[in-house]
Amino acid sequence: PLVLGIETSCDETGVGIVRGRTLLADAIASSVDQHARFGGVVPEVASRAHLEAMVPTLERACADAGVRLDEVDALAVTSGPGLAGALMVGVAAAKALALALGKPLYGVNHLAAHVAVDVLEHGPLPTPTAALLVSGGHSSLLLVPDVTAEVTPLGSTIDDAAGEAFDKVARLLGLGFPGGPYVDRAAKEGDGAYVTFPRGLSAPHDMREHRFDFSFSGLKTAVARWVEQRERDGQPVPVADVAASFQEAVVDVLTRKAVLACQENGVDSLLIGGGVAANSRLRALAEERCTAAGIRLRVPRPKLCTDNGAMVAALGAEMVAAGRAPSALDLPADSSMPVTTVQA
Ligand code: ATP
Ligand code: MG
Ligand code: FE
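Along each chain, the written sequence defines residue order, and numbers are assigned to residues from 1. Chains carry letters from A onward and ligands carry numbers from 1 onward, assigned in written order. Whole-chain, interface and lining totals are the exception, using all residues; otherwise, since this is a predicted model, local features are given only for residues with pLDDT of at least 70 and side-chain atom pairs are given and counted only at 80 or more.

1. Brief notes about the nonpolar core
Logical step 1: A set of buried residues qualifies as a nonpolar core if it consists of Ala, Val, Leu, Ile, Met, Phe, Trp, Tyr and Cys joined through C-beta atoms within 7 Å. We call a residue exposed when 12 or fewer other C-beta atoms sit within 10 Å of its C-beta, buried when the count reaches 20 or more, and partly exposed for counts in between; the C-beta positions come from the backbone. In terms of nonpolar packing, the biggest core is built from 113 residues, with Ala76, Ala116, Val183, Phe246, Ala313, Ala314 and Leu315 touching the most fellow members.
Logical step 2: It is helix H10 (residues 239-264) that provides the largest number of residues to this core, a total of 13 residues. Secondary structure elements are taken from DSSP: a helix is a run of H or I of four residues or more, a strand is a run of E of two residues or more, and numbering for both begins at the N terminus.

2. Here we look at the sheet that holds strand S6 (residues 129-134)
Logical step 1: For two strands to pair, DSSP has to find at least two bridges joining them. What the five strands build is an open sheet, ordered S8-S7-S6-S9-S10; its pairing is mixed. On the outer flanks of this sheet lie strand S8 (152-156) and strand S10 (296-298), each paired with one strand and no other. For this sheet, the mean inter-axis angle between neighbouring strands, taken without regard to orientation, is 20°.
Logical step 2: As paired elements, strand S7 (residues 139-144) and S8 share four bridges and run antiparallel to each other. Bridge assignment links Ser140 to a residue of S8, and that residue is Ser156.
Logical step 3: Contacts from H10 reach S6, S7, S8 and strand S9 (269-273), with the element oriented near 160° to S6. Axes here mean lines fitted to C-alpha atoms, for a helix over just the part in contact, with angles spanning 0 to 180 degrees between N-to-C directions. For every residue pair, C-beta atoms are placed from the backbone, and the pair is scored as a contact if these atoms sit within 7 Å.

3. Some remarks on the UniProt feature "domain: Gcp-like" (unreviewed entry) in the protein chain
Logical step 1: UniProt positions are given in the numbering used here, feature names are shortened, and annotations may be inferred rather than shown by experiment. If you check UniProt for "domain: Gcp-like" (unreviewed entry), the listed places come out as residues 23-313 in our numbering.
Logical step 2: Taken end to end, residues 23-313 comprises 50% helix and 15% strand; its first and last C-alpha atoms sit 9 Å apart.

4. Notes on the UniProt feature "binding site: substrate" (unreviewed entry) in the protein chain
Logical step 1: UniProt marks Leu133, Val134, Ser135, Gly136, Gly137, Asp167, Gly180, Asp184 and Asn279 with the feature "binding site: substrate" (unreviewed entry), using the numbering shown here.
Logical step 2: Note on placement: Ser135 falls in the loop between S6 and S7.
Logical step 3: When near neighbours in sequence (up to four residues on either side) are disregarded, Ser135 contacts His114, Ala161, Gly163, Gly274, Gly275 and Val276.
Logical step 4: Take Asp167: it is sitting in helix H6 (residues 162-172).
Logical step 5: Those residues in contact with Asp167 that lie beyond four places of it in its chain are Phe177, Pro178, Gly179 and Gly180.

5. Observations concerning the sheet that holds strand S5 (residues 105-109)
Logical step 1: The strand order S3-S2-S1-S4-S5 describes an open sheet built from five strands, whose pairing is mixed. In the strand order of this sheet, the two ends are held by strand S3 (22-30) and S5, each with one partner. Across the sheet, the mean angle from the axis of one strand to that of its neighbour is 20°, orientation sign disregarded.
Logical step 2: Summarising the sheet, strand S4 (residues 74-80) and S5 pair through five bridges and their orientation is parallel. Looking across to S5, one finds that Leu75 is bridged to Leu105.
Logical step 3: Lying on the sheet, helix H13 (residues 310-321) is in contact with strand S1 (2-7), strand S2 (12-19), S3, S4 and S5; it crosses S1 at an angle near 135°.

6. Regarding the site of ligand 1
Logical step 1: Note on definitions: a residue is near a molecule or strand provided its C-beta atom, placed from the backbone, lies within 6 Å of it. Taken together, 23 residues form the shell around ligand 1, and within it Gly136, Gly137, Gly163, Gly180 and Gly275 come nearest.
Logical step 2: Counting only elements with at least two residues in the shell around ligand 1, the list comes to H6 and helix H7 (179-187).
Logical step 3: No other element matches H7, which puts four residues into the shell around ligand 1.
Logical step 4: Grouping the amino acids of the shell around ligand 1 by side-chain chemistry returns six nonpolar, 14 polar and three charged. Polarity classes work like this: nonpolar for Ala, Val, Leu, Ile, Met, Phe, Trp, Tyr, Cys and Pro, charged for Asp, Glu, Lys and Arg, and polar for all others, with Gly in that last group.

7. Here we look at H13
Each α-helix turn comprises 3.6 residues. Residues three or four places apart therefore point the same way.
Logical step 1: In this model H13 runs 16 Å from its N-terminal to its C-terminal C-alpha over 12 residues, within 8% of the 16 Å that 1.5 Å per residue would give.
Logical step 2: Burial runs high along H13: 11 of the 12 residues are buried.
Logical step 3: Residues of H13 that are buried include every one of Ala310, Met311, Val312, Ala313, Ala314, Leu315, Gly316, Ala317, Glu318, Met319 and Val320, and no others.
Logical step 4: Looking at the residues trailing H13, positive phi occurs at Gly323, about 75°. Expected helix span is given by 1.5 Å per residue-to-residue step, counting one fewer step than there are residues.

8. A short note on the pairing of S7
Logical step 1: Burial analysis of S7 places five of its six residues in the buried class, which makes it a mostly covered element.
Logical step 2: As paired strands, S6 and S7 are joined by six bridges and run antiparallel to one another. The residue of S7 that forms the bridge with Ala130 is Leu143.

9. Details of H7
Logical step 1: Counting buried residues in H7 gives seven out of nine residues, a clear majority hidden from the surface.
Logical step 2: Residues Gly179, Gly180, Tyr182, Val183, Asp184, Ala186 and Ala187 constitute the buried set of H7.
Logical step 3: The elements touched by buried residues of H7 are H6, H10 and helix H11 (280-293).

Right under this line is the structure:
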């Protein structure tokens with residue numbers, strides 16, 4: 001099926017078009033520059049930017065794909081989770097298109113879409129697959145029976161998300177926003193073993209009770225304390241080394257727990273998705289550890305890891321192919337949609 005997907009859960013206005021598992025267009029407009037000076041996404045600013053970008057982004061996606069809107073078989077939109085006002089813009093646009101074109105509409109979960117996007121690159125998912133979902137607002141380990149079915153959560157962060165930790169540490173190191181790509185870049189010039197920062201929830205007792213959970217807030221505090229001490233001592237802060245050491249602590253825990261989740265659940269396939277999956281060190285260490293453990297690793301190319309419309313279209317196309325009924329046209333923008341709900 002030819003499916004158009006709309007994403008507006010945060011600061012990216014994304015419109016993607018797929019034919020089955022073939023990506024035809026992935027148009028994105030970002031309001032990131034408007035949020036940079038605030039050091040975080042400002043919801044009202046994001047909503048207004050989505051309103052302004054929606055029609056031009058739709059037009060660009062159709063032009064890139066070489067298709068007309070009336071040729072589309074179905075529409076998909078991120079129903080949640082995300083910023084309420086931002087989600088509403090995409091959901092309203094998708095409903096208007098579905099009504100005007102007389103085409104079915106699928107309201108889908110943004111997190112499930114971060115997983116489903118991988119089919120565009122690596123084809124159908126082995127069943128079941130373990131998924132490490134690491135983004136700006138979420139960090140979870142999941143068992144995925146099939147991209148259109150309800151996932152089983154194995155664990156999640158008990159405080160900050162991995163991407164949030166990257167953003168906060170980037171800020172305290174004086175790097176740009178959002179921090180992930182800046183830390184990634186700075187870390188390439190640094191030594192990941194320069195400081196041994198704490199690996200959250202990795203002590204023996206935590207590896208019983210919380211073995212598939214994450215904690216990054218203690219790590220962020222440890223980095224802040226280390227930097228403060230350095231400044232008190234009148235010493236320069238070795239930004240690249242601190243960035244690399246922080247990044248190493250995050251990806252060490254993520255990959256170790258993801259491999260363990262595969263082993264304990266008898267699964268030999270791991271997928272990593274969400275914005276943090278774009279991290280070069282996470283990709284390299286995951287590859288190394290999965291190879292050693294005999295696990296097949298799937299990570300979409302970086303551009304498909306961060307928010308985009310193609311991931312929504314990809315999940316929509318899987319829904320159509322699986323014969324799922326479309327969503328009702330009064331489907332909500334659900335800012336706190338649980339990770340287990342695939343479709344609204
Ligand atoms: P969610 O998916 O939880 O709703 P989101 O949609 O805001 O959150 P994504 O676009 O999926 O977030 O991911 C954005 C996050 O990914 C940011 O925190 C950003 O810093 C992080 N990120 C992006 N690229 C990298 C990278 N190369 N290394 C580490 N983190 C990265
Ligand atoms: Mg973003
Ligand atoms: Fe996201």
